Amino acid sequence: MTTAISPGAAPARLREQHDYLRLLGARISGGGANQMLMVALGWQMYDLTSSAWDLGLVGLAQFLPALALTLPAGHLVDRHDRRRLLALSLALQCAVAATLTLGSLQGWVGAGLILALSVLLGMARALQMPAQQALLPSLVPAGLLPRAVAAASSSMQAAIIAGPALGGALYALGPWLARQAGQAEGGNATAAAAHWGAALVYGLSWLLLLAAIAGVLGIARRPLQGQRAAPGLAQLTAGIRFIWQRPVVLGAISLDLFAVLLGGATALLPIFARDILHTGPEGLGLLRAAPAVGALAVGLWLSRVPIERRAGHWLLGAVGVFGLAMIGFALATHFWFAFAVLLISGAADMVSVVIRQSLVQLETPDEMRGRVGAVNSVFIGASNQLGEFESGATAALLGPVGSVLLGGVGTLLVVGLWFRLFPALAQRDRLQGDPA
């Protein structure tokens, strides 16, 4: 039986979990590096090709291998040392960053190389997400897991806020670096500035990824609990069957999938910023940061004061608030109102993320966490990628306001439907201890 932990004692108890803190540091370092890497990849691709289509291919090149390798990656995570697999995924990203640094400095990075390395990044993420998710519960007592998940999610939000900002600022130093290198004149001056700015971002990403690898390898090895997954197709697909047979887990994961699929507005933010809210790039940056700021604030709060009762109602209610925030954003005509409702959407999303991840981890035995985490990562990735496609497609038919408004209403309908389809989820009281 898990000993109850008072809210005031939680931060101190988390600070005593040294391996958890190493993983948290690795997540911050690796997450920040990944965010910087993606900013530089996108900007450098656009500098090279001036093609929005090529920008889309960068995301597609990462998503497809991650989707294809999900089940094998989850199976590996449940058979082998999760620390080493996580370090391997970070090492692959580190090799990509080192290649891009060298190639940018020497001027041989092209669109084809960026796409090829994007495929490698997708492969690395297919392994990273399930290994990371499965490793976390083994580092803290079960009673501290919701707080640990909240703190880990908050750390990622901090990386999402700081990484792109730092990457963009460093990339902007490209012209100055080109001048220092004597390459600021002539017909290739613009390309030289872009290469130097990209190299600076890639180089720092490489260093941060090295730090993340060191942090992960510093975690003490823990033997897998239960029986290891055996080879074979049945074990490969066991994560899918496990989720399908447990209404609480299936309801929580699918709720997130459909809410983000319908309610996301990220892809349309440039249109809202310029044509509806009449602001410039700096306004767009604030709008993109708003959900992460809200999520960070709530994540820090939940790491100290966790949700202990009525978890199912909190989860469905948070997704409902997310849908209402999207409706508010669709109808916004003033910048700061739009910023505020996006901040609320991020705060509500963090509540649902912490509850969902805690439920999934606590309901899943240790020997299954890799395969279940792999399926969960596909749901998350699919909702983000397909959500952007859905937003663009409906915006082409209904306009940006109609697209986001329809998505917000659809999210509310999903919440109402999930109350009926998944009563075990809706009636869930405690994160730990209730029957599934």
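Residues numbered from 1 in each chain as written. Predicted model: local features only at pLDDT ≥ 70, side-chain atom pairs only at ≥ 80, totals over all residues. Heavy atoms only, no water.

A. Representation of the overall build of the protein in the model. Along the protein, the regular secondary structure elements total 18 helices and zero strands. In the protein, the share of contacts with a sequence separation of at least 24, taken over all contacts with a separation of at least 6, comes to 86%. About 18,800 Å² of surface is accessible on the protein, with carbon and sulfur atoms providing 67% of the total. (Helix = DSSP H or I, 4+ residues; strand = E, 2+ residues; numbered from the N terminus. Contact = heavy atoms within 4.5 Å. Areas by Shrake-Rupley, 256 points an atom, 1.4 Å probe, with all protein chains shown as cover.)

B. View of the environment of G110. Relative to the elements of secondary structure, G110 occurs in the loop between α5 (82-106) and α6 (111-135). Remark: the alpha-carbon pair of G110 and Q44, spanning 66 residues in sequence, is separated by 9.0 Å.

C. Representation of the nonpolar core. Counting 84 residues, the largest nonpolar core has Y20, L100 and I355 as the members making the most contacts within it. Among the elements that take part in this core, helix α2 (residues 18-49) stands out by supplying 10 residues, more than any other. One finds L268, F322, F335 and V341 within the second-largest nonpolar core, a separate group that totals 19 residues. (Core = buried A, V, L, I, M, F, W, Y, C linked by side-chain atoms within 4.5 Å. Buried < 20%, exposed > 50% of the residue type's maximum accessible area, 1.4 Å probe, protein only.)

D. Spatial organisation of the packing of aromatic side chains. Evaluated as defined, the whole model comprises three aromatic pairs. When the centroid spacing of 5.5 Å and the interplanar angle of 40 degrees are considered together, the rings of W418 and F422 count as tilted. Given a relative accessible area of 11%, F422 falls into the buried group. Pairwise contacts between aromatic rings join F335, W336 and F339 into one cluster. (Phe/Tyr/Trp six-rings, centres within 6.5 Å; stacked < 30°, edge-to-face > 60°.)

E. Fine view of the environment of R309. You can see R309 is positioned in the loop between α14 (281-304) and α15 (311-331). Taking relative accessible area as the criterion, R309 reaches 44% and is therefore assigned partly exposed. As for R309 and D429, which are separated by 120 residues in sequence, their C-alpha atoms are 5.1 Å apart. Ignoring anything within four residues of it in the chain, the contact list for R309 reads W314, D429 and R430.

F. Summary view of unusual backbone geometry. Its identity is not glycine, yet R310 carries a phi of approximately 55 degrees, on the positive side. The residue R310 is located in the loop between α14 and α15 in this model. Looking at R310, the relative accessible area reads 48%, which means it is partly exposed.

G. Representation of the environment of L343 within the structure. On the secondary structure map, L343 appears in helix α16 (residues 335-363). Residue class for L343 comes out partly exposed when judged on its relative accessible area of 28%. Measuring from C-alpha to C-alpha, the distance between L343 and A297 comes to 9.7 Å, with 46 residues separating the pair along the chain. Setting aside residues no more than four positions away along its own chain, L343 makes contact with A290, P291, V293 and G294.

H. Layout of the confidence of the model for the protein. Residues of the protein with pLDDT of at least 70 account for 76%, and the chain-wide mean is 77. Low pLDDT, under 50, characterises residues 1-12; the predicted model gives this stretch 16 contacts beyond four residues in sequence or across chains. Counted against residues more than four places away or in other chains, residues 227-232, with its pLDDT under 50, gives 15 contacts. (pLDDT = per-residue confidence, 0-100.)

I. The arrangement of the side chain of S104 in detail. Position of S104 relative to the elements: it lies in helix α5. Filtering out sequence-adjacent residues up to four positions away, S104 remains in contact with Q44, V109, H195, A198, A199 and Y202.

J. Geometry of α5. Here α5 contains 25 residues, and its C-alpha end-to-end distance of 36 Å stays within 8% of the 36 Å for a straight helix at 1.5 Å per residue. Positive backbone phi, at 80 degrees, marks G107, one or two positions downstream of α5. (Expected span 1.5 Å × (residues − 1).)

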